[in-house]
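Structural description and commentary
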Amino acid sequence: MSVSPSPLPHSAIVTRLRAAGCVFAEDEAELLISTARTPAGLAAMVDRRVDGLPLEHVLGWAEFRGLRIAVDPGVFVPRRRTEFLVGRAAALARPGAVVVDLCCGSGALGAALVTTLGRADLHATDIDPAAVLCARRNVAAVGGEVYEGDLYDPLPAALRGRVDVLLANVPYVPTEEIALLPPEARVHEARVALDGGTDGLDVLRRVTAAASVWLAPGGHLLFETSRRQAAAAVETVTRDGLVSQVATSDELDATVVVATRPVLVDAPAGRSESRA
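Described below are features of the structure shown in this document. (Residues numbered from 1 in each chain as written. Predicted model: local features only at pLDDT ≥ 70, side-chain atom pairs only at ≥ 80, totals over all residues. Heavy atoms only, no water.)

Focus: helix H1 (residues 10-19)
Considered for burial, the residues of H1 that qualify are Ile-13, Val-14 and Leu-17. On an axial view of H1, the arc spanned by its buried residues comes to 100°, and they lie on one face. In H1, those exposed residues whose orientation departs by more than 90 degrees from the buried face are Ser-11, Thr-15 and Ala-19. Contact partners of the buried residues in H1: helix H2 (25-35) and helix H3 (39-50). Gly-21 occupies a position one or two residues after H1 and carries a positive phi of about 95°. (Buried < 20%, exposed > 50% of the residue type's maximum accessible area, 1.4 Å probe, protein only. Helix = DSSP H or I, 4+ residues; strand = E, 2+ residues; numbered from the N terminus. Arc of directions from axis to C-beta. Contact = heavy atoms within 4.5 Å.)

Focus: the nonpolar core
Residues Phe-64, Val-99, Leu-113, Val-146, Val-165, Leu-167 and Leu-222 are the most contacted members of the largest nonpolar core, which totals 39 residues. Breaking this core down by element, the ones donating at least two residues are strand E1 (61-64), helix H5 (83-92), helix H6 (108-117), strand E4 (121-126), helix H7 (129-140), strand E6 (163-168) and strand E9 (254-260). Broken down by element, this core gets its largest block of residues, 7 residues, from H6. What Leu-222 contacts, discounting residues up to four positions off in sequence, is Leu-85, Arg-88, Ala-89, Leu-92, Val-165, Leu-166, Leu-167, Ala-168, Val-256, Val-257 and Val-258. The next biggest cluster of nonpolar side chains, apart from the first, holds 26 residues, and it includes Leu-102, Tyr-147, Tyr-152 and Leu-159. (Core = buried A, V, L, I, M, F, W, Y, C linked by side-chain atoms within 4.5 Å.)

Quick word on the packing of aromatic side chains
Overall, the coordinates contain 1 aromatic pair when judged by the stated rule. An angle of 5° between the planes, with centres 5.6 Å apart, marks the rings of Tyr-152 and Trp-214 as stacked. Placement of the pair is Tyr-152 in the loop between strand E5 (145-148) and E6 and Trp-214 in helix H9 (residues 202-214), with a sequence separation of 62 residues. Each of the two residues, Tyr-152 as well as Trp-214, counts as buried. The positively charged end of Arg-68 is found above the aromatic ring belonging to Trp-61, 3.7 Å away from the centroid. (Phe/Tyr/Trp six-rings, centres within 6.5 Å; stacked < 30°, edge-to-face > 60°. Lys NZ or Arg CZ within 6 Å of the ring centre and 35° of its normal.)

Thoughts on the pairing of E4
Of all 6 residues in E4, 5 are buried, a share of seventy percent or more. Handedness of the strand E3 (residues 98-102)-H6-E4 crossover: right-handed. As paired elements, E4 and E5 share 4 bridges and run parallel to each other. What sits directly across from His-123, in E5, is Glu-145. After leaving E4, the chain enters H7 and then returns to the sheet as E5, a path that is right-handed. (Right-handed = clockwise from strand over helix to strand, strands pointing away. Pairing = 2+ DSSP bridges.)

Bear in mind that shape data such as this cannot, by itself, settle questions of function.
Right, dumping it as structure tokens:
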């Protein structure tokens, strides 16, 4: 429900947002006006945005692959570039696939993938209690489950060796670069969702080390990384027995590694060999 009449003229809201450094002030003003339920609520939303709160936290939602994903204060905001990762996953998965979303944040990736596939057996985890509460709202809408805990720890044991698609949008910002992030991320998103350790790959190493235990033969692990980290990420994947491909999108400035658990096939003389 949009506010009518607005207690602040549209032009006045745009002026305040622009003065606060909002590059897309006119678009943001439209979103705030259309989302606010009361004139007082609109004024409060404008104030929060001017104070530097991420637009998605002010609105209470983010658009992701055509979905309106609930995003609570402090929860990692799904980035548009990550839509590329979901698109790659959708090209590999079939309806009814077993999908796991690690470090799920708001649950946007899993929810978007299930929506694209039409149906899937979705399980998501996050270590941040606030993210889990938020994700449950988004994931429940597509029939999935969300568990609180560290990476694979809270997943049902019955999923071992059965996961077709493993989404892992792990934190990959090197610790020393956290201070260089925009205030919207650095101040208003949980550090656990951003900090990837000394080289940005600490969490990823833990994910790849156990991926083969959870993936079905031929199952895929997909994760986002930066272009400069991609080579090191591929080395990590290869060391842990997965076969990798790197996909990039110049339009979205996205780099995604697709790592596949090889399928063991029978070979002559009782030997076995693998193929991706």
